[in-house]
Every structure is written in structure tokens, then in C-alpha cells.
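If you want the building blocks of each chain, they are given just below.
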Amino acid sequence: MNTVNESLLEISNVSMSYSNGNIKAVDNLSFSLKRGEIFGFLGANGAGKTTTIKMTTGILPVKSGSIKICGYDITRDPINAKRNFGFVPDSPIIFDKYTGREYIDFLGDIYGVSKEDRIKVCSDLLKRFSLEDAFDKRISGYSHGMKQKIAIIGALIHSPELWILDEPMMGLDPPSALALKDLMRKHRDEGKTVFFSTHILDVAEKICDRVAIISKGKLVLCGDMAEIKQAQGDDSLEEIFMSVAGEGHE
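1. Things to note about the sheet that holds strand β10 (residues 218–224)
Strand order in the open sheet made by the six strands is β6-β7-β8-β3-β9-β10, with mixed pairing throughout. Two strands lie at the open edges of the sheet, namely β6 (85–88) and β10, each paired on one side alone. Across the sheet, the axes of successive neighbouring strands diverge by a mean angle of 15°, strand direction being ignored. The pairing of β6 with strand β7 (residues 162–166) spans four bridges and is parallel. Directly across from Val88, in β7, lies its bridge partner Leu165. Taken strand by strand, helix α5 (residues 144–156) contacts β6 and β7, and its axis lies near 170° from that of β6.

2. Here's the deal with the pairing of strand β8 (residues 193–197)
Among the five residues of β8, five are classified as buried, and the element is accordingly described as predominantly covered. Side-chain alternation along β8 places Thr193, Phe195 and Ser197 on one buried face and Val194 and Phe196 on a second face that is also buried. Judged from the five bridges that link them, strand β3 (residues 37–42) and β8 form a sheet pairing that is parallel. Looking across to β8, one finds that Phe41 is bridged to Ser197.

Quick notes on the rules
- Residues numbered from 1 in each chain as written.
- Predicted model: local features only at pLDDT ≥ 70, side-chain atom pairs only at ≥ 80, totals over all residues.
- Heavy atoms only, no water.
- Pairing = 2+ DSSP bridges.
- Helix = DSSP H or I, 4+ residues; strand = E, 2+ residues; numbered from the N terminus.
- Axes fitted to C-alpha atoms, helices over the stretch in contact; angles between N-to-C directions.
- Contact = heavy atoms within 4.5 Å.
- Buried < 20%, exposed > 50% of the residue type's maximum accessible area, 1.4 Å probe, protein only.

Dropping the structure here:
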């Protein structure tokens, strides 16, 4: 898909409160994602990661600030914004009366993906996730990990410019987790962008080009992974995380 802005995701001065404004889940958050990078979004439980992702994908309204995807404002132009990303939530919610194939065809129809392109994308991804034998079975019979895999395939069926994943390693066995990391690198190497949240800091350290760390809804660190480590005395990402956001925030 064509983009109208070199920055694939721009989050500008975004805030979100719950309980009539008494709890600030996201507090004046701003950062942007460049083309061709894997960007890790890190924070303790309750730091505001999932709330930010839900606003980015249009699940929650953006009431303060703005979020643009490929130049399209998620509030003012949600259709074009949503055409440019694929989303994998932390807990896949899928039409489980469909078979895997029917679910992918449903998404392919929504995004206007040709039959030929669907077959090309699916044949590769089904092999990567060893899901060929289950593709024509009902999703209601899938395990959590299998549902996660079909959600990943669905998010990539239209080859989105921006791939958004919320805690994507949850429920995946080691071979599938490895396949997912390879896909993230492949997406990046194609000049597209991956934006994902994770609690698994060693995974983020190994595959991320840049990271952002939030604590209590506020951005406390953002930058190039190698530069951050150098500036922090080559500490591990886990040590850096604990020093800026880890203590007292669980």
C-alpha cells in the first residue's frame, strides 16, 4: 500500500484517563516510528502499553492528542488508517465458527486481496507455523497457540506497511516463536515497520532496532537500541529497564 508520510506511526501528545479522570493510563505520550524498523514498546503491567495500542488501532477513542498511521489520522480518517496496518492482539478474538481458510478469506475480502495473493501469502505462513493440516478445520477446535497463529496470518494477509502486535509471544511454542521473530525481521527488511509490546526483554534486546519504555503512562526512555546500551554503560536491556521503570511499578 502507498503511504503519504515517511513516518509510519506518529503518536503526538496522547493522553487517556479512566475512572472519571482519576487514573491516567497514558500521559502526554509522543513518539514516532520510521520506515524499516522493529520498534519495541516496553513497560511493566499497567504501564499503559495496551491502552496505547488500542488507541492506535482505533479500538479506544483518542480523546487527547493525535495518532497518525502513514499520515492518516486514526480518528479523522479511520478507514485509510486501518488499511495500512495489521494487528495481532494479546488475546486473539476470532470468529471461531469459521474454518481457518474461511477466516482468512473473510479478511482478504475486507482488504481487497486477490485470490492469487492470498494463496501466495498463506502458503508461506502456513508452512512456517505448521498449520496446513488445521487450515480447513473450525477455529473453535484450535488451541490458544493455533488461534494466535491464524491471527498472525490474518494480520499479514494484506501485506500492511505497519504491523502491530501486543504481547505476540504469549501462547506460542518455541518453534512458532522463532518463526514469528523471523517474520518480524522479514517485514522490517522489506522496508516496512513492526511495532510490538512485550514483557520478554531478551527478545526485545535481540530483535529491536529501537525501543520505547513507558512507566505509569509516561515515556521514560526512547531511542536506538545500540545507542541506549552504549549510553547506559553497555548494560543489558533488563538492567536498563529496571533502572528507569522496573522498581515499584508492578
